[in-house]
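Read off the chains here:
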Amino acid sequence: MRWLAVQAAGAGLVARAARNAHAVVAIALAFGFTLAGTGARAEPYVGPLFDTHLHYNEEAFVPFPVADVFARLQRSGVRAIVANSRPNDGTLALAGSPEAAAAGVSVVPFVRLYRNRADYTGWFADESIHAMVQQQLAAGTPAGPYRGIGEFHLYDSANAEGPIARRLMQLAQERQLAVLAHVDDAAIDRLLRHAPRARLIWAHTGIGGTPVERVRELLARYPSLMGELSYRPGLTADDGHLSAEWKALIGAYPDRFLVGSDTWVNARWSDYEALMAGARLWLGDLAPATAQRVAWGNAAALFGVAAPR
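Residues numbered from 1 in each chain as written. Predicted model: local features only at pLDDT ≥ 70, side-chain atom pairs only at ≥ 80, totals over all residues. Heavy atoms only, no water.

(A) Representation of the nonpolar core within the structure. Residues Trp123, Phe152, Trp246, Ile250, Trp282, Leu283 and Phe303 are the most contacted members of the largest nonpolar core, which totals 95 residues. Tallying contributions element by element places helix α12 (residues 288-303) first for this core, with eight residues. Those residues in contact with Phe152 that sit more than four places away from it in its chain are Leu113, Tyr114, Trp123, Val179, Leu180, Ala181, His182, Val183 and Leu191. (Core = buried A, V, L, I, M, F, W, Y, C linked by side-chain atoms within 4.5 Å. Buried < 20%, exposed > 50% of the residue type's maximum accessible area, 1.4 Å probe, protein only. Helix = DSSP H or I, 4+ residues; strand = E, 2+ residues; numbered from the N terminus. Contact = heavy atoms within 4.5 Å.)

Written out as structure tokens, the structure is:
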């Protein structure tokens, strides 16, 4: 459970940094200045965002009703989401809401493996999880068929050898479903041995702090591997701008990275607009074409989502 502790401990720091970034952007725009014009590195990215790591879990249903969720997305310039929730009822609520079209947000639904929190630690060997996934895939969603599986967690990379982990990876490869996996770098190797052509999205691209060179090695080894960047240690400096090593890595693989919010707890929903403003700040440090790919284009191409009007 160490990664959950890391994720929880980092949540406050990330949110505070994002709020500071949001304030900088808001003040600059309010006074008609650009950050580039004041000698700062670059203007924040201003195009559409595709949030590829969004949860609408049951504890968010009451404090953040569906209409409020889509209002937050709209205010943040988020025009598409990968929805994956505990339980899957949350994703179905987003996929079936008329608020999605009203807000101009495309919903890409994933089947999550968790009916409750107890499923986090044993899903990889639980036949009932495999049956639930099959049932969900057969039923589909109001927004169309499910497009992926996950997010799932593996707190020990050896559990990637579990029978359900293997079967779900092979199922994803056969059906061309994407997989969103919160795992370490060793589990990336194990999972992709089961299904070498599977489209694997590495949630957080190594939340435990996998060295950048190891990330680079895995991207070179597995052409279908993509990295989602919420909570990634070392991605940005204290000022919210992109670190030099991550700027170089993203520049070397501009078609392999994605943005996300990871609304795993309600505090992330409270801070949603600030989180997205923080992403816009570091995206602005990239070349414009690269920023557009990471913010929108890579996910849009992966899921066949049309450019927003």
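(B) Representation of the packing of helix α7 (residues 185-194) against helix α8 (residues 212-221). Axis separation between α7 and α8 bottoms out at 11 Å; the angle between their running directions is 10 degrees. Taken together, α7 and α8 sit at an angle that is classed as roughly parallel. Contact residues: Asp185, Ala186, Ile188 and Asp189 in α7; Arg214, Leu218 and Arg221 in α8. Looking at the contact of α7 with α8, its residues break down into three nonpolar, no polar and four charged. (Axes fitted to C-alpha atoms, helices over the stretch in contact; angles between N-to-C directions. Parallel < 35°, antiparallel > 145°, perpendicular 65-115°, else oblique. Nonpolar A, V, L, I, M, F, W, Y, C, P; charged D, E, K, R; others polar.)

(C) Local environment of unusual backbone geometry. Between Arg86 and the following residue, Pro87, the backbone shows a cis peptide bond with an omega angle of -10 degrees. Cis peptide bonds are those with omega within 30 degrees of zero, and the linkage from Gly150 to Glu151 qualifies with 5 degrees. Mapped onto the fold, Glu151 is located in strand β4 (residues 148-153). The phi angle at Gln176 is positive, at roughly 55 degrees, despite the residue not being glycine. Mapping Gln176 onto the fold places it in the loop between α6 (163-175) and β5 (178-182). Judged by relative accessible area, Gln176 falls into the exposed class, the value being 63%.

(D) Structural detail: the environment of Val78. Examined against the element boundaries, Val78 turns out to sit in strand β2 (residues 78-83). Judged by its relative accessible area of 0%, Val78 falls in the buried class. Sequence spacing of Val78 and Gly104 is 26 residues, and the spatial spacing of their C-alpha atoms is 8.7 Å.

(E) Representation of the packing of aromatic side chains. Taken as a whole and assessed by the stated rule, the structure comprises eleven aromatic pairs. Note on Tyr114 and Tyr120: the rings are 4.0 Å apart at their centroids and 15 degrees apart in plane angle, and the pair reads as stacked. Here the aromatic cluster, defined as three or more aromatic residues joined through ring pairs, consists of Tyr56, Phe61, Phe64, Trp269 and Tyr272. (Phe/Tyr/Trp six-rings, centres within 6.5 Å; stacked < 30°, edge-to-face > 60°.)

(F) Expanded view of the sheet that holds strand β1 (residues 49-54). With parallel pairing, the eight strands of this open sheet are ordered in space as β1-β2-β3-β4-β5-β6-β7-β8. Of all the strands in the sheet, just β1 and β8 (257-258) have a single pairing partner and so form its edges. By the bridge criterion, four bridges tie β1 to β2 in an arrangement that is parallel. Within the sheet, the bridge partner assigned to Leu54 lies in β2 and is Ala83. Sheet contacts for α12: β1, β2, β3 (106-111), β5, β6 (199-202), β7 (225-228) and β8; angle to β1, the most-contacted strand, approximately 70 degrees. (Pairing = 2+ DSSP bridges.)

(G) Region of interest: α8. Regarding α8, the residues found buried are Val212, Arg214, Val215, Leu218 and Leu219. Taken end-on, α8 shows its buried residues confined to a sector of 160 degrees, consistent with a single buried face. In this structure, α8 carries Glu213 and Ala220 as exposed residues pointing more than 90 degrees from its buried face. Next to the buried residues of α8 lie α7, β6, β7, α9 (244-252) and β8. (Arc of directions from axis to C-beta.)

These results come straight from atomic positions and should not be treated as a statement about function.
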